[in-house]
Amino acid sequence: MNSKMMSYIIKRILLTIVTIWLIITITFFAMKAIPGGPFLSEKAVTQEVTDALNEKYGLDKPIFEQYTTYLTDILHFDFGPSLKSRGRVVIDIITEGFAVSGKLGIIAAGIALTLGIIFGSVAAIHRNKLIDNTIMVSTTAFVAMPSFVIGSFLLLVFCVYWKILPANGDLPGGLILPVIALALYPTAYITRLTRSSMLDVLQQDYIRTAKAKGVSYYLLIFKHALKNALIPVITYAGPMIAYILTGSLVVEKIFAVPGLGRAFISSITNRDYPLIMGTTIFLATMVVLMNLVSDLLYKVVDPRIDFK
Amino acid sequence: MSDKNLDKKVKLFNKPFSFHVNVDSFLPATEEEKKQQVLMRESVSFWKDGFRRLWRNKVAMTCVFVLATIIISVIIIPMVWPYDYDEQLGVVQGQAVDPSYSNLRPFEYGETELGIIEDGGSVFPHIFGTDAAGRDYFIRVIFGARVSLSVGFFASIIVLLIGTIYGSISGYVGGKTDLIMMRVVDIIYSLPDMLVIILLSVVLNQVFKDALANTIFASLGANMISIFIVFGLLYWVGMARLIRGQILSLKEQDYVLAARSIGASHGRIIKKHLLPNAISVIIISTALQIPSAIFTESFLSFLGLGVSAPMPSLGSLASAALAGVFSYAYRLVIPALFISFIVLSLNLLGDGLRDAFDPKMKA
């Protein structure tokens with residue numbers, strides 16, 4: 001590891017920190033911009049009650065002081081209490097929901113990576129044959145479908161017509177469809193990515209050399225070609241996590257999964273501001289960190305990359 | 001040119017300060033030499049060349065056809081259709097709501113309509129039936145497609161304008177300005193866009209609700225305005241990066257130096273020399289921006305953050321249909337298919353445009 005690389009890594013980490021800070025700041029001031037404040041809701045409350053609530057939650061202080069308090073609280077993982085679910089703190093709701101969503105996401109990502117790489121390599125090896133064309137046509141179709149369309153169709157086919165799987169995420173087997181719905185798009189994307197990079201690699205001179213040396217077919221594909229073809233797939237890891245996290249908002253709504261996505265959507269409809277802020281910051285930080293990891297990994301794995 | 005002639009020229013070239021006039025250079029051109037000047041084929045302009053390639057691309061032309069059909073129908077059909085997208089057929093002023101109009105299946109009729117048919121009159125059919133509030137579903141889908149398409153189109157225009165201006169200034173000025181401007185882009189680029197969009201639309205919706213009440217934007221809805229603002233704030237960064245990269249390499253070209261040497265202003269150089277040369281990149285990325293904007297809009301509408309009721313968009317139609325999916329599955333399938341077709345053909349058309357207009361792709 002040379003100094004150029006170190007300076008790149010440091011720069012990248014600094015950028016990530018600035019981004020996270022920006023997300024927190026945007027979230028904070030966006031919430032403050034909402035007219036009326038969080039307590040001005042359905043019920044008419046007296047001025048004294050409002051004042052008391054404002055004092056309790058520190059909303060009577062100057063805005064900059066509120067901001068610094070919020071920043072320090074977040075550094076201690078304290079996102080404050082939920083306004084609508086009485087007696088619960090935001091961080092508990094987030095961790096509880098993320099336990100479900102995280103499981104869902106990890107399984108979906110695993111499936112997407114495995115199947116995507118397999119399909120992509122198969123398509124590349126059998127270029128322009130029937131199997132390649134089938135794979136390419138179907139992935140093109142899946143990439144064009146928004147997550148809610150995929151989710152809805154799965155619901156229709158498996159729950160409405162065939163009735164073989166439950167439509168509710170709480171029931172046993174209920175997580176199968178949400179996982180498929182989440183995994184389809186990344187699978188299609190990774191397939192296309194792997195195929196094009198595999199095609200690129202298969203034309204390289206070292207593959208011809210290996211072939212000429214008499215390297216066995218499987219060794220050629222797995223060791224020489226696939227290993228190098230997978231480097232671009234690493235760059236997709238960050239965006240994939242982002243897709244799965246935001247896609248889970250929709251999928252959890254469709255299949256009624258008790259995860260973080262559903263908590264987020266209901267916090268929006270309930271206008272539970274601390275929960276909206278907490279979830280946004282949590283999810284955004286996850287995405288930014290994953291992007292950092294995949295970026296750094298990419299630069300470490302591929303020695304040809306130039307550090308600027 | 002004869003060999004002798006060439007010899008003389010070479011000799012002259014070797015003696016650059018000689019005042020000897022080469023008489024041969026002033027002879028009238030022979031017929032053979034004149035023939036060489038005749039254009040065998042008219043020179044092909046950039047646009048002609050690109051469109052000829054596009055025309056030959058069958059996939060792209062199919063997409064053009066599909067899109068043209070959809071665009072023409074979303075413009076014309078609302079003008080001639082007998083029902084309105086927000087017209088509740090069971091509701092007549094001063095009478096009780098007629099429930100027979102709600103949730104009609106395709107080609108079914110409400111009670112009063114059946115009466116008219118029995119009397120020998122004709123009623124325009126409800127091709128896709130009606131929704132839970134008794135509104136003709138076909139016109140709602142068409143109107144939803146219109147909303148989704150226009151969101152995609154206008155959002156891309158916003159992205160194009162901001163991205164082009166920002167990127168070209170950053171690339172052209174260079175130096176510290178470029179560094180700072182690109183750091184800003186880096187940070188915005190790394191924000192998770194969907195989450196920020198959701199957050200901002202929640203907030204802007206609240207902020208704009210009252211401010212918009214009596215203006216011309218009221219019919220558009222606060223959510224729509226916030227979608228456009230969000231696009232203006234976030235999505236231009238990709239375009240800006242692309243344009244900057246183009247400008248960086250283009251500004252080193254000789255014709256820029258030539259323009260500068262005759263005193264062209266910076267603005268003129270950017271407008272007349274740099275941007276026209278980057279036009280292929282601009283077209284391609286704008287074309288690919290439209291489907292992503294449609295995606296985003298439908299995603300937000302599906303979550304209930306998109307266009308405000310009663311205005312439909314394909315996303316909000318799908319979202320509303322989800323509640324009754326066990327009885328009325330087609331109501332979910334229709335907008336879903338529509339949106340997939342639109343996005344798919346826009347994507348493929350974008351690929352076709354890239355093949356046709358990208359100078360690097362020319363074999």
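Residues numbered from 1 in each chain as written. Chains lettered and ligands numbered in written order. Predicted model: local features only at pLDDT ≥ 70, side-chain atom pairs only at ≥ 80, totals over all residues.

A. Summary view of the overall build of chain A. Across its full length, chain A carries 12 helices and 0 strands. The helix and strand sequence of chain A, counted from the amino end, reads α-α-α-α-α-α-α-α-α-α-α-α. Overall, the C-alpha framework of chain A stretches about 85 × 60 × 25 Å when taken along its three principal axes. When the 308 residues of chain A are sorted by exposure, 38% land in the buried category. The contacts of chain A with a sequence gap of at least 6 include a subset with a gap of at least 24, amounting to 74%. (Helix = DSSP H or I, 4+ residues; strand = E, 2+ residues; numbered from the N terminus. Buried ≥ 20, exposed ≤ 12 C-beta atoms within 10 Å, placed from the backbone. Contact = placed C-beta atoms within 7 Å.)

B. The overall build of chain B, seen in detail. What chain B contains, in helices and strands, is 14 helices and 0 strands. Counting helices and strands in the order they occur from the N terminus, chain B gives α-α-α-α-α-α-α-α-α-α-α-α-α-α. Looking at chain B residue by residue over its 363 residues, the buried ones come to 37%. Counting contacts in chain B only where the partners sit at least 6 residues apart, residues at least 24 apart contribute 67% of the total.

C. Representation of the interface of chain A and chain B. In this complex, chain A contributes 38 residues to the contact, which on the side of chain B involves 32 residues. Elements with a minimum of two residues in the side of chain A that touches chain B: helix H1 (3–33), helix H6 (147–161), helix H10 (231–255), helix H11 (260–270) and helix H12 (273–301) of chain A. With 10 residues, the top contributor of residues to the side of chain A that touches chain B is H1 of chain A. Here the side of chain A that touches chain B is built from residues that sort into 31 nonpolar, 7 polar and no charged. (Nonpolar A, V, L, I, M, F, W, Y, C, P; charged D, E, K, R; others polar.)

D. Just unusual backbone geometry, in detail. All names here are of chain A. Of note in this structure, Phe 77 is not a glycine but carries a positive phi near 60 degrees. Along the chain, the position of Phe 77 falls in the loop between helix H3 (63–75) and helix H4 (90–125). One non-glycine residue, Lys 163, lies in positive phi territory at about 55 degrees. Note on placement: Lys 163 falls in the loop between H6 and helix H7 (176–202). On the basis of neighbour counts, which here come to 9 C-beta atoms within 10 Å, the residue Lys 163 falls in the exposed class.

E. Representation of the nonpolar core within the structure. The biggest cluster of nonpolar side chains holds 155 residues, and the ones touching the most others in it are Val 141 and Leu 199 of chain B. Discounting chain neighbours no more than four positions away, the residues touching Val 141 of chain B are Phe 128, Leu 317, Ile 334, Pro 335 and Phe 338 of chain B. (Core = buried A, V, L, I, M, F, W, Y, C linked by C-beta atoms within 7 Å.)

F. Structural detail: the packing of H1 of chain A against helix H7 (residues 175–190) of chain B. Axis separation between H1 of chain A and H7 of chain B bottoms out at 9 Å; the angle between their running directions is 65 degrees. Seen from above, H1 of chain A lies across H7 of chain B with right-handed handedness. Side by side, H1 of chain A and H7 of chain B meet where Leu 15, Val 18, Thr 19 and Leu 22 of chain A of the first sit next to Asp 186, Ile 187 and Ser 190 of chain B of the second. Residue classes in the contact of H1 of chain A with H7 of chain B are distributed as 4 nonpolar, 2 polar and 1 charged. (Axes fitted to C-alpha atoms, helices over the stretch in contact; angles between N-to-C directions. Left-handed = near helix turned anticlockwise from the far one by under 90°.)

G. Molecular detail of the environment of Tyr 67 of chain A. Residues and elements named next belong to chain A. Within the fold, Tyr 67 resides in helix H3. According to the C-beta neighbour criterion, Tyr 67 is partly exposed, with 16 such atoms within 10 Å. Separated by 39 residues in sequence, Tyr 67 and Phe 28 have C-alpha atoms that sit 7.2 Å apart.

H. View of H11 of chain A. Every buried residue of H11 of chain A is accounted for by Leu 260, Gly 261, Arg 262, Ala 263, Phe 264, Ser 267 and Ile 268 of chain A. Just downstream of H11 of chain A, Arg 271 of chain A is the residue with a positive phi angle, here 55 degrees.

I. How the structure looks around helix H8 (residues 205–213) of chain A. With 0 of its 9 residues buried, H8 of chain A lies for the most part at the surface. The positive-phi residue at the C-terminal boundary of H8 of chain A is Gly 214 of chain A, with phi of around 90 degrees.

J. Focus on the confidence of the model for chain B. All names here are of chain B. In this model, chain B carries an average pLDDT of 81, and 89% of its residues clear a pLDDT of 70 or more. When mean pLDDT is compared element by element in chain B, helix H10 (residues 254–261) scores highest at 91, while helix H1 (residues 3–14) scores lowest at 59. Complex prediction metrics read pTM 0.77 and ipTM 0.77. (pLDDT = per-residue confidence, 0-100.)

K. Molecular detail of the environment of Leu 104 of chain B. All names here are of chain B. Tracing the backbone through its elements, the reader meets Leu 104 in the loop between helix H4 (58–80) and helix H5 (111–118). Sequence separation of Leu 104 and His 126 is 22 residues, and the distance between their C-alpha atoms is 8.2 Å. For Leu 104, the contacting residues outside a window of four places in its chain are Gly 110, His 126, Gly 129 and Thr 130.

L. Structural view of the environment of Gly 151 of chain A. All names here are of chain A. In this fold, Gly 151 is placed in helix H6. By C-beta crowding, Gly 151 is classed as buried, having 28 other C-beta atoms within 10 Å. The contact partners of Gly 151, leaving out residues within four places of it in the chain, are Ala 181, Val 250, Val 251, Ile 254 and Phe 255.

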